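What the coordinates show
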Amino acid sequence: PGSCPAPCECSEAAKTVKCVSRDLTAVPPNLPSYVRNLFISGSRLGRLPPGAFPARRLPDLRALNLSGNHLRAVEAGALAALPALRQLDLSANPLVSLSPQAFGEEGSPLEELALRGALRDHGVLLSVAAMLQSGALRNLSRLDLADNGLLLLPSGLLAALLALRRLDLGGSSLVGLQNVSFQGPGQLQSLNLSEGSLGVLRNGSSAPLHRLPALRRLGLARNTWVCDCTVEDLVAWLKESDQGEGKESLSCAYPDKMLGKTLLKINGSDLNCSEPVDLPSQLQTSYVFLGIVLALIGAIFLLVLYLNRKGIKKWMHNIRDACRDHMEGYHYRYEINADPRLTNLSSNSDV
């Protein structure tokens, strides 16, 4: 139990085992039971099958680093035998499958989860969302989803993370926060949105940030900010709030006349905005106006019908009489054609 696997380096005093860049294809089975910090990175693990870690052999393992191992699948029960696990790093792995039951049926006391650059596949993102929503990681206080190029977050991704304090979404492709719900993590203290695509964070998009009373650090650096009328709300919020980390360095990248200007120094006159254009309100007004016009046309049509009711009645009677005469003519010709005697008579009369 106290031995050290051949391809690893062990320190019993530091309770640490490092198996870094050892070209491993599986987790070493004879890890020492004293280990608290385990590093297995830079190898070719490929997958973590059920029971990848020996049951009840690592009772004190708290920090597990599996980054950069070419991991593609973490199967159900792969991490179930780690009762003391608090930190897990799966960063820089091309994950395709991460089972929602990876920590077993009863979940895990995990507090920190790093998935930086590991969720490029949309399917595994949905698997992670299912795992987080199930409450299997209800004690999670830190979640790193940076460098995944996320266009949007699955609905309710954070709803069950009531203990979440730090969330890293840096390097994402989020263009707004409308689809990001912070309903669950009301105690969120740190949020990183830097190096993303929030350059067109439109008016009203910062509303979710107002529902985070405990927020102390907000990273917005290295976003390509478009300084037009849509950025007014963000500028006002930055001036009033002390949550924006490094907000003094946030500057405009477009249009050319605003290039390099700091967001905190922007005034309404710089943006040259008239009354804000509320497209939904405009559409609603257009529909109301169209309804009024149609109703007016209908009323005029009914009024014309009412004023000309006698003429219309006479016209209808004339049409009825004309149709009756026409039908009687057809009936008369039918009777002649049906009776041979009348046919001969008709032929003689024609002669």
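Preceding block: the structure.
Computed from a predicted model, the values in this text were never measured in an experiment.

Considering helix α1 (residues 122-133)
Count 3.6 residues to each turn of an α-helix, and residues three or four apart come out pointing the same way. Between its first and last C-alpha atoms α1 spans 17 Å; for twelve residues at 1.5 Å apiece the expected length is 16 Å, and the two agree. Where α1 is concerned, the buried positions are Val124, Leu125, Val128, Ala129, Met131 and Leu132. The buried residues of α1 occupy an angular sector of 160° when the element is viewed end-on, so they sit on one face. Those residues of α1 that are buried are in contact with β8 (97-98) and β10 (142-144). The opening residue of α1 is Asp121, an N-cap whose side-chain oxygen sits 2.9 Å from the backbone nitrogen of Gly123. Just downstream of α1, Gly135 is the residue with a positive phi angle, here 85°.

Some details on a nonpolar patch on the surface
A surface patch of nonpolar side chains, about 680 Å² in accessible area, is lined by Phe301, Leu302, Leu305, Ile312, Trp315, Met316 and Ile319. Among the elements of the structure, α5 (279-307) and α6 (309-338) are those that each provide at least two residues to the nonpolar patch. Per element, the largest residue contribution to the nonpolar patch is four residues, and it comes from α6. Within the element layout of this structure, Ile312 appears in helix α6. Given a relative accessible area of 31%, Ile312 falls into the partly exposed group.

Re the packing of aromatic side chains
All told, the structure shown has zero aromatic pairs when counted by the stated rule. Across the ring face of Phe39, the terminal group of Lys18 is positioned such that the distance to the ring centre comes to 5.8 Å.

A few points about the environment of Arg222
Within the secondary structure, Arg222 is located in the loop between β13 (217-219) and β14 (225-226). Of the residues examined, Arg222 reaches a relative accessible area of 58% and is grouped as exposed. On a C-alpha basis, the gap between Arg222 and Leu193 in space is 9.3 Å, while along the polypeptide they are 29 residues apart. Contact partners of Arg222, with chain neighbours within four places excluded, come to Ser194, Glu195 and Gly196. Here Glu195 takes part through its side chain, which lies 2.9 Å from a polar atom of the side chain of Arg222.

Concerning the sheet that holds β10
Spatial strand order, β1-β2-β3-β5-β7-β9-β10-β11-β12-β13-β15: eleven strands in an open sheet with mixed pairing. Strands at the two margins of the open sheet, each flanked by one partner only, are β1 (9-11) and β15 (244-245). Bridge analysis of β1 against strand β2 (residues 16-20) gives three bridges, and the strand direction is antiparallel. Of the residues in β2, the one forming a bridge with Cys10 is Val17.

Details of helix α3 (residues 232-240)
Considered for burial, the residues of α3 that qualify are Leu234, Val235, Trp237 and Leu238. The buried residues of α3 occupy one face: seen down the axis, they fall within an arc of 165°.

Description of the side chain of Asn65
Structurally, the position occupied by Asn65 is in strand β5 (residues 63-65). Residue Asn65 is classed as buried on the basis of its relative accessible area of 17%. Within polar-contact distance, the side chain of Asn65 engages the side chain of Ser67 at 2.7 Å. Non-local contacts of Asn65, meaning those with residues more than four positions away in its chain, are made with Leu38, Phe39, Ile40, Ser41 and Asp89.

Notes on empty space enclosed by the protein
If a probe the size of a water molecule is rolled over the atoms, the empty space left behind becomes visible. Evaluated as defined, the whole model comprises two cavities of 30 Å³ or more. Considering only enclosed or pocket space, the largest cavity measures out at about 50 Å³ in volume. In this structure, the largest cavity is lined by Leu169, Gly170, Gly171, Ser172, Ser173, Leu174, Leu193, Ser194, Glu195, Gly196, Ser197 and Leu198. For the lining of the largest cavity, a count of residues per class yields four nonpolar, seven polar and one charged.

Considering the sheet that holds strand β6 (residues 73-74)
One open sheet accounts for three strands, arranged β4-β6-β8; its pairing is parallel. The sheet terminates laterally at β4 (47-48) and β8, the two strands that pair on one side only. Bridge analysis of β4 against β6 gives two bridges, and the strand direction is parallel. Following the sheet pairing, Arg47 is matched in β6 by Ala73.

Analysis parameters
- Residues numbered from 1 in each chain as written.
- Predicted model: local features only at pLDDT ≥ 70, side-chain atom pairs only at ≥ 80, totals over all residues.
- Heavy atoms only, no water.
- Helix = DSSP H or I, 4+ residues; strand = E, 2+ residues; numbered from the N terminus.
- Expected span 1.5 Å × (residues − 1).
- Buried < 20%, exposed > 50% of the residue type's maximum accessible area, 1.4 Å probe, protein only.
- Arc of directions from axis to C-beta.
- Contact = heavy atoms within 4.5 Å.
- Polar contact = N/O pair within 3.5 Å; in protein donor to acceptor, adjacent residues only side chain to side chain.
- Patch = residues over 30% accessible without salt bridge, like charges linked within 9 Å, V, L, I, M, F, W, Y side chains within 5 Å.
- Areas by Shrake-Rupley, 256 points an atom, 1.4 Å probe, with all protein chains shown as cover.
- Salt bridge = Lys/Arg side-chain N within 4 Å of Asp/Glu carboxyl O.
- Phe/Tyr/Trp six-rings, centres within 6.5 Å; stacked < 30°, edge-to-face > 60°.
- Lys NZ or Arg CZ within 6 Å of the ring centre and 35° of its normal.
- Pairing = 2+ DSSP bridges.
- 1 Å grid on protein atoms, 1.4 Å probe; cavity = no way out; pocket = protein on both sides within 12 Å on 5 of 7 lines; lining within 4 Å.
- Points joined across faces, edges and corners; volume = space filled by probe spheres on them.
- Nonpolar A, V, L, I, M, F, W, Y, C, P; charged D, E, K, R; others polar.

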